[in-house]
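Summary of structural features
Below are the chains, spelled out letter by letter.
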Amino acid sequence: MADHSMFDNVFVNPEAYRSLVATGTWPDKTVMVLESREAVSKGSINQHGHFQGTSVMGIEVHVKDVARYPGGWAFFDFASPTANGKVFPQTATCYSCHREHAAVDTTFVQFYPTLLPIARDKKTLSDSFLKEEAAQSAAK
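Heads up: these notes are all about the structure in this document.

Reading the values: the criteria
Residues numbered from 1 in each chain as written. Predicted model: local features only at pLDDT ≥ 70, side-chain atom pairs only at ≥ 80, totals over all residues. Heavy atoms only, no water. Buried < 20%, exposed > 50% of the residue type's maximum accessible area, 1.4 Å probe, protein only. Helix = DSSP H or I, 4+ residues; strand = E, 2+ residues; numbered from the N terminus. Arc of directions from axis to C-beta. Salt bridge = Lys/Arg side-chain N within 4 Å of Asp/Glu carboxyl O. Core = buried A, V, L, I, M, F, W, Y, C linked by side-chain atoms within 4.5 Å. Polar contact = N/O pair within 3.5 Å; in protein donor to acceptor, adjacent residues only side chain to side chain. Contact = heavy atoms within 4.5 Å. Phe/Tyr/Trp six-rings, centres within 6.5 Å; stacked < 30°, edge-to-face > 60°.

Some words on helix H2 (residues 93–101)
The complete set of buried residues in H2 reads Cys 94, Tyr 95 and His 98. Projection of H2 onto a plane perpendicular to its axis shows the buried side chains occupying an angular sector of 105 degrees, all on one side.

The following block contains the structure:
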């Protein structure tokens, strides 16, 4: 649908966030939750912008556990907010995409405007991200 859009909310456990701020990397046992919600417009006094609706469109969880998962991370999909999560197989494309394009430790910090400057300052940006960033700058 051409006019269909969503908002993504990312939540992370507080100790992992504090560690990223201090070191520029995610510690072992980091848990990140991606919640996708419907985007709504023309509600109440908002007649031109978009805001989050009440419908949850999806929930995924990204868990760092170096001893447990190959590559240190695993992705889980939740069919609903109350369902048990189902781990994505290691052959799923999400693993290779995150490995090849993520800015910090297989996470897309480049889309988090609060965290990207921290990773840049701590010099923890991945080589692949820096190459992609340079190519985008050269193309402009």
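Comments concerning the pattern of salt bridges
Scanning the model with the defined rule gives 5 salt bridges in all. Salt-bridge contacts for Asp 65 lead to Lys 29; the nearest nitrogen and oxygen are separated by 3.1 Å. In this pair, Asp 65 is assigned in the loop between strand S3 (46–64) and strand S4 (73–78) and Lys 29 in the loop between helix H1 (14–23) and strand S2 (31–43), connecting sequence segments 36 residues apart. Of the residues examined, Asp 65 reaches a relative accessible area of 13% and is grouped as buried. Classification of Lys 29 as partly exposed rests on a relative accessible area of 45%. Its salt-bridge partner being Arg 37, residue Glu 35 comes within 3.1 Å of it at the nearest N-O pair. Considered together, Glu 35 and Arg 37 belong to a single accessibility category, that of buried residues. Beyond isolated ion pairs, a larger network of salt bridges with shared partners links Asp 28, Lys 29 and Asp 65.

Some points on the nonpolar core
Of all hydrophobic cores here, the largest spans 14 residues; its most connected members are Trp 26, Ala 103, Val 104, Val 109, Leu 115 and Leu 125. Among the secondary structure elements, those contributing two or more residues to this core are H1 and helix H3 (116–122). The biggest single contributor to this core is H3, with 3 residues. Counting 9 residues, the second largest nonpolar core, distinct from the first, contains Tyr 69, Ala 74, Phe 75 and Ala 92.

Observations regarding the side chain of His 98
Summarising the element assignment, His 98 is placed in helix H2. In this structure the side chain of His 98 is engaged in a polar contact, spanning 2.7 Å, whose partner is the backbone oxygen of Thr 106. Discounting residues that sit within four places of it in the chain, His 98 has contacts with His 62, Phe 75, Thr 106, Thr 107 and Phe 108.

Observations regarding the packing of aromatic side chains
Under the defined criterion, the tally for this structure stands at 3 aromatic pairs. With a centroid separation of 4.9 Å and an interplanar angle of 75 degrees, the aromatic rings of Phe 75 and Tyr 95 are classed as edge-to-face. In this pair, Phe 75 is assigned in strand S4 and Tyr 95 in helix H2, connecting sequence segments 20 residues apart. Judged by its relative accessible area of 5%, Phe 75 falls in the buried class.

That is the geometry; function is a separate question.
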